[in-house]
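Understanding the architecture of this molecule
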Amino acid sequence: MLFKDQYQFVFQHMKKNKLRVTMTVLAAMIGCAFLIVLASIGFGIQHTMKSEILNDEAITQIELWGDEKLSEEDVTYIEDIEHVNVVLNRADISGLVKTTLEDREGESNAAIVDMEAQKQLPSDLSEGRLPEKANEIVVGYHYAQNLLNEADLAKIADNSKEVDESEANYEESEVGYKGELLNTEVSLQLFDDNTQEYMEPATFTIVGILKEPSYDWYSDSKILFSDSLLDLFPELITYPTTKIYVDSIENVMPVLELLKAEDYQVYSQIEQLEELDMFFLIFKIGLIFIGTIAILIASIGIFNTMTMAVTERTREIGVLKAIGASPSLIQRLFLMESTFIGVLGTALAIIVSYAISFAANAILPYVVSFALSDADLSSYEITFSLIPWSLVVIAGGISLAVAILSGLRPARNATKIEVIQALRQEL
């Protein structure tokens, strides 16, 4: 029997039992679609978290731990490592810095930065320039909002009452200094940890303003000084940190491993990314395992359908054997039928899964925003479901394998039917 004849033989029998075959195909489709959609949640969450980390500029940054500033020898050694672009020394100032501007006051965190190294990095200023003198500073994007007078404090108190009553948020930009900050002189008082009091005020000029932070929830009101500040206030207590900037993300791990081999205590977000990949690998395997159970349940339907097909076609099997059909041919005919059911179910499952994934990514941000009564999440790049080709291959392979295995035993039983017994039973 030619393959074309075999195909027509199988197709005619599937058409004759249209309803039963259709229901079996639907069962296979639901099982396979459940597997793909379930696993796609894991891929979607991983994609969202990785994108968040990779979009962060700090991804090519290595942080050096330690309470002491690097020696000149250490800085020279690290700078000479291939692919290291910049070694940036920074020191956080102990205590808050008090700002006075006209009738306004505000308190901010502050840090001393090696401005010569900072100049070698991409600019993070929205306007102005970096400090070149000891009495020049750069301030955060929200620094002006942090400078409050009596009227602002009263307005904040009123707004707080309204928020408590109506559970609504208010715009923080309504308060604070509204004038031009760039090239404005402000009076600053540094905190003295020894006396636990503010030092005498000194006048500084704002020469630069940092860009708006990437995160809406983060308010940046810090003050950055050049390292010349220590010439004016040598008794100032600071906590040094060092950041090493590598030229590309691919070279972060080699530089990191080299520094660890030299006993430097270093950390990079790349390590976090690797831990994240490992976690999601286990997570996705767990989801695929759960989804496979649904396919195994669907395989019961295929097994029943094929068993009934063998029972109903006992006479036909006897006739085929009587005219010389081999057992392998009979087995192949029934395996083809179970395979067609698996192929149809898998193809429909892939189409349905992509449709569900698309709908989930389009609708869920609005549903979650409504449920949480929060801001519109549709503006965020959140992927709730992602179906890569590898997931389609894995799910399709599992579905087809289970469909073929489900039809294997009924197909073998069909080969064991005796010709005379089959014809006599039908008569």
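Okay, so let's go over this structure. Everything quoted here is computed from the prediction, not taken from an experiment.

Conventions and cut-offs
- Residues numbered from 1 in each chain as written.
- Predicted model: local features only at pLDDT ≥ 70, side-chain atom pairs only at ≥ 80, totals over all residues.
- Heavy atoms only, no water.
- Axes fitted to C-alpha atoms, helices over the stretch in contact; angles between N-to-C directions.
- Helix = DSSP H or I, 4+ residues; strand = E, 2+ residues; numbered from the N terminus.
- Parallel < 35°, antiparallel > 145°, perpendicular 65-115°, else oblique.
- Contact = heavy atoms within 4.5 Å.
- Nonpolar A, V, L, I, M, F, W, Y, C, P; charged D, E, K, R; others polar.
- Buried < 20%, exposed > 50% of the residue type's maximum accessible area, 1.4 Å probe, protein only.
- Arc of directions from axis to C-beta.
- Expected span 1.5 Å × (residues − 1).
- Left-handed = near helix turned anticlockwise from the far one by under 90°.
- Phe/Tyr/Trp six-rings, centres within 6.5 Å; stacked < 30°, edge-to-face > 60°.
- Lys NZ or Arg CZ within 6 Å of the ring centre and 35° of its normal.

**Observations concerning the packing of helix α7 (residues 252-261) against helix α8 (residues 269-312)**
Direction vectors running N to C along α7 and α8 enclose 110°, while the axes themselves pass 10 Å from each other. Between α7 and α8, the angle falls in the class roughly perpendicular. Contacts from Val 252, Met 253, Leu 256 and Lys 260 in α7 reach Ile 270, Glu 271 and Glu 274 in α8. Class assignment for the residues of the contact of α7 with α8 results in four nonpolar, no polar and three charged.

**Observations concerning α7**
Along α7, the residues that are buried comprise Val 252, Met 253, Val 255, Leu 256 and Leu 259. The buried residues of α7 occupy an angular sector of 160° when the element is viewed end-on, so they sit on one face. Following α7 by one or two positions, Asp 263 adopts a phi angle in the positive range, close to 70°.

**Regarding helix α1 (residues 3-16)**
Relative to the 20 Å expected for 14 residues at 1.5 Å per residue, α1 spans 20 Å between its end C-alpha atoms, a close match to the ideal helical length. Regarding α1, the residues found buried are Gln 6, Phe 9, Val 10, His 13 and Met 14. The arc enclosing the buried residues of α1, seen along the axis, measures out at 130°, which places them on a common side. Exposed residues on α1 whose side chains face more than 90 degrees from its buried face are Lys 4, Gln 12, Lys 15 and Lys 16.

**Re the packing of α8 against helix α11 (residues 389-415)**
One can describe the packing of α8 onto α11 by two numbers: an axis separation of 8 Å at closest approach and a directional angle of 25°. Between α8 and α11, the crossing angle belongs to the class labelled roughly parallel. You can see that α8 and α11 cross each other, and the crossing is right-handed. Within the contact between the two elements, α8 uses Ile 288, Thr 292, Ile 295, Leu 296, Ser 299, Ile 302, Phe 303, Met 306, Thr 307 and Val 310 and α11 uses Ile 398, Ser 399, Val 402, Ala 403, Ser 406, Gly 407, Arg 409, Pro 410 and Ala 414. Per-class residue counts for the contact of α8 with α11 are 12 nonpolar, six polar and one charged.

**Quick look at the environment of His 13**
With respect to the helices and strands, the residue His 13 is situated in helix α1. The residues touching His 13, leaving out its near neighbours within four places in the chain, are Arg 313, Glu 316 and Glu 337.

**Observations regarding the packing of aromatic side chains**
Counting across every chain of the model gives six aromatic pairs. With a centroid separation of 5.2 Å and an interplanar angle of 80°, the aromatic rings of Phe 279 and Phe 280 are classed as edge-to-face. Classification of Phe 280 as buried rests on a relative accessible area of 3%. Judged by centre distance (6.0 Å) and plane angle (80°), the ring pair of Phe 280 and Phe 283 falls under edge-to-face. Of this pair, Phe 280 and Phe 283 both sit in helix α8, separated by three residues, roughly a single helical turn. Above the plane of the ring of Phe 43 lies Lys 284, whose end atom (NZ or CZ) is 4.0 Å from the centre.

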